[in-house]
Amino acid sequence: MALPNILKDFNLFGDGNNWQGQIPELTLPELARRMVEYEGGGMDGPIEVDHGQELMTFEWTAGGLIVDGLFDTFGSPVHDAAMLRFTGSYESDEDGGIIPVEIVVRGRHKTIAMGDASKGDNNTQSITTTLSYYKLVVDGEDIIERDVPGYVFTVRGVDRMAQRRRALGL
């Protein structure tokens with residue numbers, strides 16, 4: 001029987017600020033492709049044609065008030081003004097081995113919900129960040145890198161946009 005590697009702990013950094021102990025919950029970005037149905041003459045049915053990456057978002061919750069590294073870039077006209085770095089420690093309950101995971105994203109904070117405010121409660125902020133850059137590193141290996149404005153999409157070292165960039169003279 002094999003047991004899964006479980007996320008035992010994580011941390012989030014924002015624009016160089018260490019938010020250790022301040023982020024109780026987050027939703028990591030979903031990797032999704034924009035697929036469009038196509039059926040041409042001589043085909044017995046439709047297939048889905050890949051039309052690129054869906055818009056990626058990173059949703060996270062701060063326990064209490066975070067100011068530094070959050071509001072500094074809010075409303076910036078620059079598409080990648082905010083940088084977030086998730087670090088995770090996945091652990092095997094079979095052998096105790098640790099697998100480090102890092103996700104680095106750049107984008108814009110789309111929403112900062114200040115939440116309900118009540119005396120003595122654990123007040124939270126909910127933030128949604130839209131992404132123009134995403135990189136997933138597992139145990140030191142680059143797994144996925146996506147740089148939308150740079151027209152880069154790399155999967156385990158294979159640059160899937162290299163031929164298109166050459167064709168476009170980029």
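Residues numbered from 1 in each chain as written. Predicted model: local features only at pLDDT ≥ 70, side-chain atom pairs only at ≥ 80, totals over all residues. Heavy atoms only, no water.

(A) Structural view of the environment of Asn17. Its location among the elements puts Asn17 in strand 2 (residues 17–18). Separated by 53 residues in the primary sequence, Asn17 and Leu70 have C-alpha atoms spaced 9.3 Å apart. Not counting residues within four places of it along the chain, the set of residues in contact with Asn17 comprises Leu12, Asp68 and Gly69. (Helix = DSSP H or I, 4+ residues; strand = E, 2+ residues; numbered from the N terminus. Contact = heavy atoms within 4.5 Å.)

(B) The confidence of the model for the chain, seen in detail. Residues at a pLDDT of 70 or more form 99% of the chain, whose mean pLDDT is 94. Highest mean pLDDT in the chain belongs to strand 10 (residues 141–147) (98); lowest belongs to strand 5 (residues 47–53) (93). (pLDDT = per-residue confidence, 0-100.)

(C) Up close: the side chain of Ser92. By secondary structure assignment, the location of Ser92 is in strand 7 (residues 82–92). Residue class for Ser92 comes out buried when judged on its relative accessible area of 8%. The contacts of Ser92, once residues within four sequence positions are left out, are Asn5 and Gly97. (Buried < 20%, exposed > 50% of the residue type's maximum accessible area, 1.4 Å probe, protein only.)

(D) View of the packing of aromatic side chains. Applying the stated criterion across every chain yields a total of two aromatic pairs. Ring plane angle 20 degrees and centroid distance 5.1 Å describe the contact between Trp19 and Trp60, whose orientation is recorded as stacked. Here Trp19, found in the loop between strand 2 and strand 3 (25–27), pairs with Trp60, found in strand 6 (residues 56–63); they are 41 residues apart in sequence, far enough to count as distant. For Trp19, a relative accessible area of 3% translates into the label buried. By relative accessible area, Trp60 is classed as buried at 1%. (Phe/Tyr/Trp six-rings, centres within 6.5 Å; stacked < 30°, edge-to-face > 60°.)

(E) Representation of the pattern of salt bridges within the structure. Inspection of the entire model under this criterion finds seven salt bridges. Two residues, Asp50 and Arg33, come together in a salt bridge whose shortest N-O distance is 3.0 Å. Residue Asp50 is located in strand 5, and its partner Arg33 is located in strand 4 (residues 33–38); the two are separated by 17 residues in the primary sequence. Of the residues examined, Arg33 reaches a relative accessible area of 27% and is grouped as partly exposed. Salt-bridge contacts for Arg106 lead to Asp80; the nearest nitrogen and oxygen are separated by 3.9 Å. Of this pair, Arg106 sits in strand 8 (residues 98–113) while Asp80 is found in the loop between strand 6 and strand 7, placing the two residues 26 residues apart along the sequence. Arg106 sits in the partly exposed class, given a relative accessible area of 25%. (Salt bridge = Lys/Arg side-chain N within 4 Å of Asp/Glu carboxyl O.)

(F) Expanded view of the environment of Trp60. Expressed as a C-alpha distance, the spacing of Trp60 and Tyr133, which sit 73 residues apart in the sequence, is 17 Å. In contact with Trp60, not counting residues within four places along its chain, are Leu12, Trp19, Ile23, Glu25, Leu26, Leu70, Leu84, His109, Gln125, Ser126, Ile127 and Thr129. Polar contacts involving the side chain of Trp60 include one to the side chain of Thr129, which spans 3.2 Å. (Polar contact = N/O pair within 3.5 Å; in protein donor to acceptor, adjacent residues only side chain to side chain.)

(G) A look at the nonpolar core. Counting 25 residues, the largest nonpolar core has Leu12, Ile23, Phe58 and Trp60 as the members making the most contacts within it. For this core, the secondary structure elements donating two or more residues are strand 6, strand 7, strand 8, strand 9 (124–138), strand 10 and strand 11 (152–155). Apart from residues lying up to four places away in sequence, Leu12 is in contact with Asn17, Asn18, Trp19, Gln20, Ile23, Leu26, Phe58, Trp60, Leu84, Arg85 and Phe86. (Core = buried A, V, L, I, M, F, W, Y, C linked by side-chain atoms within 4.5 Å.)

(H) Spotlight on the pairing of strand 8. Where strand 7 meets strand 8, ten bridges bridge the pair, whose relative direction is antiparallel. In the sheet register, Leu84 faces strand 8, and the bridge partner there is Val105. Here strand 7 folds back onto strand 8, and the loop between the two strands holds five residues, one of which, Gly96, carries a positive phi near 80 degrees. Where strand 8 meets strand 9, twelve bridges bridge the pair, whose relative direction is antiparallel. From the neighbouring strand, Val105 faces strand 9, where its bridge partner is Tyr134. (Pairing = 2+ DSSP bridges.)

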